[in-house]
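Summary of the model geometry
Listed here are the chains, written in short residue letters.
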Amino acid sequence: MTDILIDTSASVMTLTLNRVDKKNSLTGAMYTALADALALAQADDAVRVVVFQGHETIFSAGNDIADFLGAPPDTLDAPVFRFLRGISTFTKPVLAAVCGPAVGIGTTMLFHCDLVYAGDNAAFSMPFVNLGLCPEAASSYLAPQLMGYGRAAEALLLGEPFLAEAALEMGLISRIVPPAEAAALAQRQAQKLATKPMASLIETKRLMRKGQASIVAERMVEEGRSFGRMLREPAAREAFTAFMEKRKPDFSKV
Ligand code: COA
């Protein structure tokens, strides 16, 4: 699977989204590779930290829209939901280096990362409504928590993007750097974490996330059921078809 590169060195597993010609949009096979890698990293004591990264110009354009049409993830066993359960319950530190657009799950997966280093070209968006869908990854809970309801409504109802400065202010990311430096900074911070006592890291992360853990798990199930149903409804089909045909969607009849 070359669309996901997996490299483990010095106790850090780095997962690189590597489908740049399709803007690192994520297919079912890519989610499976990511979910498998996370399961391995969770079980293997030799892995102490996980880092996600994309390319200097694009983190991810979100779910592959052709996949949404051809192989919609309409059950909770689907690879995307397996990946989301994996990242949201991962007990060791997770970092991300994010440059360029981070669309849909490219943004919502970051709610489940502990440290996010963003290039100054990063642009975050959750345009689920514009696709006839609803939020996933518990973002319907976590976005209002982090951003406040007003800004979450702009992001989730209007689907408006927000830039690195706003993401820093709300605490979604930890630092903004030039795009060429984001991946190296994430690696340096991951190496620092990898030398710290593992039990302390795991317990600290558990305690920091304890207040939201059960709500996140429940919300992901509820969102997943709605998302799976909406994928097959006329608004979403129109949005996906319009994207593939490179035209604006017409929601006047849905
Ligand atoms: N699924 C499938 N293919 C995608 C894709 C996606 N989510 N995002 C981009 N691509 C493909 C395009 O179809 C295009 O393919 P082609 O070269 O065969 O025509 C290629 O990647 C380049 O995309 P393009 O839109 O030309 O790049 P851009 O730099 O102008 O814009 C984005 C980049 C990310 C802003 C834009 O591609 C985009 O908005 N993508 C869709 C995002 C989305 O709605 N994702 C779903 C979220 S739930």
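For the structure, see preceding data.
Cut-off values and rules
- Residues numbered from 1 in each chain as written.
- Predicted model: local features only at pLDDT ≥ 70, side-chain atom pairs only at ≥ 80, totals over all residues.
- Heavy atoms only, no water.
- Helix = DSSP H or I, 4+ residues; strand = E, 2+ residues; numbered from the N terminus.
- Buried < 20%, exposed > 50% of the residue type's maximum accessible area, 1.4 Å probe, protein only.
- Polar contact = N/O pair within 3.5 Å; in protein donor to acceptor, adjacent residues only side chain to side chain.
- Phe/Tyr/Trp six-rings, centres within 6.5 Å; stacked < 30°, edge-to-face > 60°.
- Core = buried A, V, L, I, M, F, W, Y, C linked by side-chain atoms within 4.5 Å.
- Contact = heavy atoms within 4.5 Å.

Counting through the fold element by element, Ser 9 comes out in strand 1 (residues 4-9). Residue classification places Ser 9 among the partly exposed residues on the basis of a relative accessible area of 38%. On a C-alpha basis, the gap between Ser 9 and Val 47 in space is 8.6 Å, while along the polypeptide they are 38 residues apart. Within the structure, Ser 9 has its side chain in polar contact with the side chain of Asp 7 (distance 3.4 Å).

The description of an aromatic ring pair rests on the distance of the ring centres and on the angle between the ring planes. Under the criterion given, the structure shown has seven aromatic pairs. When the ring of Phe 52 is compared with that of Phe 83, the centres are 6.1 Å apart and the planes differ by 75°; the resulting orientation is edge-to-face. Here the residue Phe 52 occupies a position in strand 3 (residues 49-53), and Phe 83 occupies one in helix 3 (residues 79-88), the gap between them amounting to 31 residues. In this pair, the class of Phe 52 matches that of Phe 83, namely buried. Centre to centre, the rings of Phe 128 and Phe 227 are 6.4 Å apart; their planes meet at 75°, and the pair counts as edge-to-face. Pair noted here: Phe 128 is in the loop between strand 7 (123-125) and helix 5 (139-147) and Phe 227 is in helix 9 (residues 198-230), with a separation of 99 residues, a long-range link. For the residue pair Phe 128 and Phe 227, the accessibility class agrees, reading buried in each case. Among the aromatic residues, those joined into a ring-pair cluster are Phe 68, Phe 81, Phe 128, Phe 227 and Phe 240.

Phe 52, Phe 83, Leu 110, Phe 124 and Leu 133 are the most contacted members of the largest nonpolar core, which has 67 residues in total. The dominant element in this core, judged by the number of residues it contributes, is helix 1 (residues 28-43), at eight residues. Those residues in contact with Leu 133 that sit more than four places away from it in its chain are Phe 68, Phe 128, Phe 227, Met 230, Leu 231, Ala 236 and Phe 240. Counting residues in hydrophobic clusters, the runner-up holds 16 residues, among them Val 51, Cys 99, Met 198 and Leu 201.

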